[in-house]
Amino acid sequence: MRVVVIGGGHAGIEAAFAAAKMGADAVLLTMHLDTIAQMSCNPSIGGIAKGHLVKEIDALGGIMPRAADATGIHFKVLNRSKGPAVRATRTQNDKVAYRDFLKRFLENVPNLSLYQAMADEIVVRNGRACGVRLSDGEVLGADAVIVCSGTFLAGRIFIGSASYAAGRANEPPSLQLAENIRDLGFAILRLKTGTPMRLHADSINWKNFSPQPGDEPPLPFSMHTRAKVKNRVCCYLGHTTTAVARVIGENLHLSPLYSGQIRGVGPRYCPSIEDKIVKFPDRERHHFYLEPEGLNNKEIYVNGLSSSLPVEIQIKILQAIPGLDQARMMRPAYAIEYDAIQPSQLTASLESRQIGNLFFAGQVNGTSGYEEAAGQGLMAGINAVLKARGEAPFVLDRQEAYVGVMVDDIVRSGVDEPYRLFTARAEYRLQLREDNVFERLGGHALRLGLVSRRDHDREMRKLDKRQRLIKELSRTRAHIEGKSETLFKILQRPGMDFAALEALYGQPLLKNKTLTDVSYIEACVKYQGYIDIQKREVAKTKKLAKTAIPADLDFMMVDGLSSEVRQKLAKARPRTLGEAARIPGVTPAAVNAISIHLTLKYKHGS
Amino acid sequence: MDDDTIVALATPPGRAGIALIRISGSQSEGIVRKIIGPLPAELEARRSYHGFIHHQDRRIDECLTVIFKAPRSYSGEDMAEISLHSNLFVVEEVIGLICACGARSALPGEFTFRAFKNGKLDLLQAEAVNDLILANSRAGALMQFNNLEGRLSKTVASLRAALVQAAIQIETRIEFAEDQHIEATETAGDLTAAAVALEKILGQSRFNEILNQGLHVVIAGRVNVGKSSLFNALLLKERSIISALPGTTRDYIQENLVLDGFPFHITDMAGIRAGSGDDIEKQGMELSLAKIAQADAVLFMVDASLPLAETDMQIYKLLATKKRLLLANKSDMAHADIVRSVKDAFPEETVHLISAKNGDNLDVAVNFMKSLLRQMPEACGQTVVNFRQKILLEKLLKKMKRIEQMQIEGLEATEVVAEEIRQGLGLIGELTGTITPGDILQGVFAKFCIGK
Ligand SMILES: Cc1cc2nc3c(=O)[nH]c(=O)nc-3n(C[C@H](O)[C@H](O)[C@H](O)COP(=O)(O)OP(=O)(O)OC[C@H]3O[C@@H](n4cnc5c(N)ncnc54)[C@H](O)[C@@H]3O)c2cc1C
Ligand SMILES: Nc1nc2c(ncn2[C@@H]2O[C@H](COP(=O)(O)OP(=O)(O)OP(=O)(O)O)[C@@H](O)[C@H]2O)c(=O)[nH]1
Ligand SMILES: [Mg+2]
């Protein structure tokens, strides 16, 4: 069985790796082998919601977390002062090392072939993808094809009024494939994103910026990381000035975003500096970070100054910022516009609804971000193999994983701007934590052959240790405010944490504890009430989803529905209450009215 | 009101076959034991027992009884279900008997309400069940589903806005505070203001009372005119003691009556008579005056078989500002000249001749009460919510207070407060339409400058 993956970006490599591990003959096609796993933009992996995703990828046996640890040069857990559910890991990475690590890693994966080539066409027979035609005319047969072409489909770069076709700076776009995908009938979105300039480290006056050191001790992403990770660089925080706003204001007409040249939709959460100045005219300054791109070069990424203004204006902007006034620009900021498919054309396994055995993952699905791409790549890789084997797809629920939230969001609702994950997107946020990924996903990973039995059992033993301690907490008592209470109850008090509990108890409750142990325990104890409610909600939703609606039910006879809702239902003819609930405009109350109607009808036989 | 034991007919009235009477509350089993026998000393839950319903020494009907133990029952409380023959009179009598033993008749949807309160149903189920109950009994769209109007809807809209703002602030802090150095200041003020407004409406408003107790209607009149007879005729049960002795009703008695799916709270007063009688009666009369003052409307009764007295005129003066209906009772014994004198004495009123004893022309009283619903501008126009909305709003208020408290104390983790806000959004979403994470994120991006 052969799975061909188009594109060696973050999505493509996870897809190929998962497929190879599951026993497929995986071929990873990419335009340029030296830019495999290239970080197109910022030198960083993880962050809030994204870090959660990386941990999930780890539990499902993916490579991103291992690569991030191996090449990490700055480690931080964000939201430490908040609760376990929203704490998230982030690394700064040496970009070159990251690429090299992954290339070497993939070269050593059995069943996986790396092949440098340009894919021009997906060969479709009888409504199914069965191969890929390369630019030299060669056809690679395949049982499943996964498209992970990133920002390359009909990509176009803009710097000021200059614009040229490209997939990324100095890399060719993918034009034939873009045309082929349009020809296959896919609805296409035109999206855009941008990247800031890179500066020479020695030309920056660092005294003007405040250092942002990594955590001590630094914590890795992956359960596979045994070697100690180390902080090797520091990042710096700076701010723009009113002079910057003035420069931008005077030159706005030169930005392709404002002159109307770029029509693609950019992400609201990732605005360029000109967007920020225009949208928030009252703000005197905007912050930015200076982040080293690696250990062996002097390029500094200016996180916060993404722009598509002409180079000379970019330089003027820098000159208006104390500390950067002498900075030498090594690479200018630019914006890129590209084709993505509307992901609502995919099933929950990321397979095309129109063309069988054809999968899509990553930026091409209208998402943005390395982690989002990697998560989808992993799912597409697994599902391509399952499909080729004739097995049921692997779909994660919204209450199980951020991966599930993301895939469900994009395939169900489609996108109208580049989609990024936020914890706010998860209705079961308190359950989707970094500290319990293996509990959530370990079983799936083992069953699918994505992790070894040894790794699985080791992680389960850790889990067991935490759960035993939680039981212990309900049995052990201590005095607080003159009353004897269980440690469990005491830990539930607002403001109480595990460290304070141990102090109160007078001796350690857990030896050699990690942040994960502590987070897990605190979460289970403190969120208990909320999680119970959520679990009940989920159970109810599931039950509701399964309740069948008889094919002959006359919606006109259902009491308590508005005529508008009646018409919608009569038209859509949902087969279950779950399907009814998903029809836009059908309210929960309407679903309940149907449910009651069904109950009465069957109970009283009238 | 939740400590009460309540009773209602669970099957549609007038259907042939078997009627089911449901009792819910802590006294359920005790009441069953008082009126049904023979029963074993220990009743097993969910088992059916054969027996007879007695009133004093009279055997009323044969029945089957099942008891349920909290929380394993429909309402989540102790319950009893009595199946008996579906004869309206028998059923009314048995329900009256049960009430005499300490239960009261359930308000529409009250079983469901209790089930909901005890976590037996989720709100939506309760809503739907209740909708059906009300749909059957309510003629007009007096309190239409999701029809929030006037003052209330403004409050709900500001609540929604305040909660959405709170969500935007807190989600911004979670996603971006650390990374993007965004300081989202809390706007607890808006939330507080909205909560206060809601609390005021929920607390003060007529619907609260109306939904809980019904509109207050008092039957007023001189002694012995037939007030208790009318009261009983309206309630179809022998609740008040009737006698030919003037001053029989010495206190007041209240009962609930459901008309058009709407609860009424009817009070049978001690008859008023000019100076005399003992102290107890005097107290009862003072109470009568107070009750009249509180009433939403008064059924003012005179006796059509006896000449008007000075007391009748004095009572009438008390009713000047009240919605009222003049009933001339004992039409079966009425004298034409007395009726004429009544008409002359109360030129502003239409005189309705009725017979409480024989049940003649009682519809005028019933129609009068129904018409009150339409006349209550405040109750029906501005602050009306239906039962479900009220439950939702009460839950919402509780939630808002909790969120406020958490924000003030500042001890709970951010994401826990965010979860409470999300639950609040869920509740308000049920009233006004779902609020999605996309809506919140939109607010985040519009409000805060976020980006690389
Ligand atoms: C300028 C720029 C700015 C960005 N800014 C942000 C940002 O601010 N925030 C953010 O989250 N993300 C940003 N990104 C996006 C981020 O880089 C992507 O989300 C991520 O890299 C997507 O991974 P991917 O695997 O889908 O695609 P990519 O990493 O783009 O990889 C695509 C791969 O496919 C290969 N390929 C494409 N077509 C073919 C073909 N026909 N044949 C063979 N190989 C092919 C390419 O060579 C490449 O290796 C930016 C990207 C760019 C280019
Ligand atoms: N003929 C006739 N007698 C009636 C009618 N209504 C009531 N009575 C009688 O009038 C007497 C007084 O009736 P009640 O209902 O007790 O009067 P009341 O107004 O409640 O009296 P107090 O409680 O004493 O104030 C009783 O003997 C009733 O049977 C009627 O319509 N016709
Ligand atoms: Mg009386």
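K.L.:
What am I meant to see in the overall build of chain A here?
P.N.:
Tallying secondary structure elements over chain A gives 20 helices and 23 strands in all. The C-alpha radius of gyration computed for chain A amounts to 26 Å, which stays within 12% of the reference 25 Å derived for 606 residues, consistent with globular compactness. Overall, the C-alpha framework of chain A stretches about 80 × 70 × 55 Å when taken along its three principal axes. Counting across all 606 residues of chain A, residues that qualify as buried make up 59%. Considering only residue pairs separated by 6 or more positions, chain A has 71% of its internal contacts joining residues 24 or more positions apart. Accessible surface for chain A amounts to roughly 24400 Å². Of this, 50% is attributable to carbon and sulfur atoms.

K.L.:
Where do I start with helix 12 (residues 437–447) of chain A in this structure?
P.N.:
Owing to its 3.6 residues per turn, the α-helix brings residues three or four apart onto one side. Residue and element names in this part refer to chain A. When we look at burial in helix 12, the residues that qualify are V437, F438, R440, L441, G442, H444 and A445. Contacts from the buried residues of helix 12 go to helix 2 (50–59), helix 11 (402–413) and helix 13 (453–475). Downstream of helix 12 by a residue or two, G449 has a phi angle that is positive, lying close to 75°.

K.L.:
Is there a simple way to think about the confidence of the model for chain B in this case?
P.N.:
Residue and element names in this part refer to chain B. Averaged over chain B, the pLDDT score is 76; the fraction of residues at 70 or greater is 67%. Low pLDDT, under 50, characterises residues 131–150; the stretch is placed with 47 contacts to residues that sit more than four places away or in other chains. With pLDDT under 50 throughout, residues 377–385 is counted as low confidence; its partners more than four residues away or in other chains account for 31 contacts. Both scores are given for the predicted complex: the pTM is 0.74, the ipTM 0.86.

K.L.:
Mind showing me how you'd approach the pairing of strand 4 (residues 72–78) of chain A here?
P.N.:
Residues and elements named next belong to chain A. By the criterion of burial, strand 4 is predominantly enclosed, with six of the seven residues buried. One ladder, built from six bridges, connects strand 4 with strand 5 (residues 88–93); its direction is antiparallel. Paired with H74 across the bridge in strand 5 is Q92.

K.L.:
What is the right way to read the sheet that holds strand 5 (residues 58–68) of chain B from this model?
P.N.:
Think of a sheet as strands paired side by side through backbone hydrogen bonds, with each pair either parallel or antiparallel. Residues and elements named next belong to chain B. Taken in spatial order, the seven strands of this open sheet run 3-4-5-6-2-1-7, and their pairing is mixed. Every other strand in the sheet has two partners, leaving strand 3 (36–37) and strand 7 (104–105) as the edge strands with one partner each. Bridging between strand 1 (residues 6–9) and strand 7 involves two bridges; their strand directions are parallel. Across the sheet, I6 pairs through a bridge with R104, a residue of strand 7.

K.L.:
Looking at this structure, I do not really get helix 10 (residues 310–318) of chain B. What am I missing?
P.N.:
Within helix 10 of chain B, the full set of buried residues consists of B:T311, B:D312, B:I315 and B:Y316. Projected down its long axis, helix 10 of chain B carries its buried residues within an arc of 140°, all on one side.

K.L.:
Mind showing me how you'd approach the pairing of strand 23 (residues 483–486) of chain A here?
P.N.:
Looking down a regular strand, the side chains alternate between one sheet face and the other. All names here are of chain A. Sheet topology note: the strand 22 (residues 477–480)/strand 23 ladder contains four bridges and is antiparallel. Note that in strand 23 the partner of R477 across the bridge is T486. A loop of two residues connects strand 22 with strand 23, the two strands running antiparallel in sequence, and E481 in this loop sits at a positive phi of about 50°.

K.L.:
Can you walk me through the sheet that holds strand 11 (residues 156–159) of chain A in this structure?
P.N.:
Residues and elements named next belong to chain A. Across the sheet, four strands lie side by side as 12-11-20-13; this open sheet has antiparallel pairing. Two strands bound the open sheet, and with one partner strand each, they are strand 12 (162–165) and strand 13 (188–195). Strand-to-strand twist in this sheet, taken as the mean axis angle between neighbours without regard to direction, amounts to 20°. Relative to strand 12, strand 11 runs antiparallel, the two sharing four bridges. By the bridge assignment, I159 is partnered in strand 12 with A162.

K.L.:
When you look at the domain arrangement of chain A in this model, what are you seeing that I'm missing?
P.N.:
One frequently used descriptor of interface size is the decrease in accessible area upon assembly of the parts. Residue and element names in this part refer to chain A. Split by domain assignment, chain A resolves into domain 1 (2–40 + 96–192 + 338–422), domain 2 (198–335), domain 3 (452–531) and domain 4 (547–603). Here the C-alpha centroids of domain 1 and domain 2 sit 29 Å apart. Residue-level contacts link 20 residues of domain 1 with 23 residues of domain 2. In total, domain 1 and domain 2 occlude about 1700 Å² of area from one another, counting both sides; carbon and sulfur atoms represent 56% of this. Contact with domain 2 buries surface across domain 1, with F158, K192 and E417 losing the most and accounting together for 41% of the total. Linking domain 1 with domain 2 are zero salt bridges. Broken down by secondary-structure element, the contributors of at least two residues to the side of domain 1 that touches domain 2 are strand 11 and strand 13. Top element by residues in the side of domain 1 that touches domain 2 is strand 11. It accounts for four residues. In terms of residue class, the side of domain 1 that touches domain 2 is made up of nine nonpolar, four polar and seven charged.

K.L.:
I tried to follow the environment of A:I521 on my own but got confused; where do I start?
P.N.:
All names here are of chain A. With respect to the helices and strands, the residue I521 is situated in helix 16 (residues 515–526). On the basis of relative accessibility, which here comes to 0%, the residue I521 falls in the buried class. Sequence-distant contacts of I521, defined by excluding residues within four places in its chain, comprise R466, L469, I470, L473, L491, F498 and L510.

K.L.:
Can you walk me through the pattern of salt bridges in this structure?
P.N.:
Pairing between side chains of opposite charge can happen when the charged atoms of each approach one another. Tallying each qualifying case throughout the model produces 52 salt bridges over all chains. In this structure, the salt-bridge partner of A:D517 is A:R466, at a minimum N-O distance of 2.5 Å. Within this pair, whereas A:D517 is found in helix 16, its partner A:R466 is found in helix 13, the two being separated by 51 residues in sequence. With respect to class, A:D517 is no different from A:R466; both count as buried. Taking the shortest distance from any N to any O, the salt bridge between B:R104 and B:D4 comes out at 2.5 Å. One end of the pair, B:R104, is in strand 7; the other, B:D4, is in the segment before strand 1, with 100 residues separating them in the sequence. Note on B:R104: relative accessible area 17%, which makes it buried.

K.L.:
How should I be thinking about the packing of aromatic side chains in this particular structure?
P.N.:
The relation between two aromatic rings is expressed through the spacing of the ring centres and the mutual angle of the planes. If you walk through the whole model with that rule in mind, you get nine aromatic pairs over all chains. Linked through ring pairs, A:F17, A:F101 and A:F105 together constitute an aromatic cluster. The positively charged end of A:R466 is found above the aromatic ring belonging to A:Y520, 5.9 Å away from the centroid. Sitting above the plane of the B:F52 ring, B:R59 keeps its charged end 3.6 Å from the centroid.

K.L.:
What exactly am I supposed to notice about the packing of helix 2 of chain A against helix 11 of chain A here?
P.N.:
Two packed helices can be described by the angle between their axes and the distance between those axes. Residue and element names in this part refer to chain A. Running from N to C, helix 2 and helix 11 cross one another at 110°; their axes reach a closest spacing of 9 Å. Overall, the two elements helix 2 and helix 11 adopt an arrangement that is roughly perpendicular. Counted together, H52, L53 and E56 of helix 2 and Y402, V403 and M406 of helix 11 form the full contact between these two elements. Residues belonging to the contact of helix 2 with helix 11 are distributed by class as follows: four nonpolar, one polar and one charged.

K.L.:
It is not clear to me how the packing of helix 13 of chain A against helix 16 of chain A should be interpreted in this structure. Could you clarify?
P.N.:
Residues and elements named next belong to chain A. Where helix 13 meets helix 16, the axes come as close as 10 Å, and the angle between the chain directions of the two elements is 45°. Put simply, helix 13 runs oblique to helix 16. Every pair of crossing elements has a handedness; the one defined by helix 13 and helix 16 is right-handed. Judged by residue contacts, L463, K465, R466, Q467, L469, I470 and L473 of helix 13 engage T516, D517, Y520, I521, C524 and V525 from helix 16.

K.L.:
Sorry, what's going on with unusual backbone geometry here?
P.N.:
Here the amide bond leading from A:E216 into A:P217 is cis, since omega sits at -5°, within 30 degrees of zero. Relative to the helices and strands, A:P217 resides in the loop between strand 15 (210–212) and strand 16 (235–239). Of note in this structure, B:Q56 is not a glycine but carries a positive phi near 50°. Secondary-structure assignment places B:Q56 in the loop between strand 4 (48–55) and strand 5. Relative accessible area serves as the criterion here: at 68%, B:Q56 is assigned to the exposed category.

The rules behind these values
- Residues numbered from 1 in each chain as written.
- Chains lettered and ligands numbered in written order.
- Predicted model: local features only at pLDDT ≥ 70, side-chain atom pairs only at ≥ 80, totals over all residues.
- Heavy atoms only, no water.
- Helix = DSSP H or I, 4+ residues; strand = E, 2+ residues; numbered from the N terminus.
- Rg over C-alpha atoms; globule rule 2.2 N^0.38 Å.
- Buried < 20%, exposed > 50% of the residue type's maximum accessible area, 1.4 Å probe, protein only.
- Contact = heavy atoms within 4.5 Å.
- Areas by Shrake-Rupley, 256 points an atom, 1.4 Å probe, with all protein chains shown as cover.
- pLDDT = per-residue confidence, 0-100.
- Pairing = 2+ DSSP bridges.
- Arc of directions from axis to C-beta.
- Axes fitted to C-alpha atoms, helices over the stretch in contact; angles between N-to-C directions.
- Domains from an automatic or database assignment.
- Buried area = accessible area lost by both parts, 1.4 Å probe.
- Salt bridge = Lys/Arg side-chain N within 4 Å of Asp/Glu carboxyl O.
- Nonpolar A, V, L, I, M, F, W, Y, C, P; charged D, E, K, R; others polar.
- Phe/Tyr/Trp six-rings, centres within 6.5 Å; stacked < 30°, edge-to-face > 60°.
- Lys NZ or Arg CZ within 6 Å of the ring centre and 35° of its normal.
- Parallel < 35°, antiparallel > 145°, perpendicular 65-115°, else oblique.
- Left-handed = near helix turned anticlockwise from the far one by under 90°.

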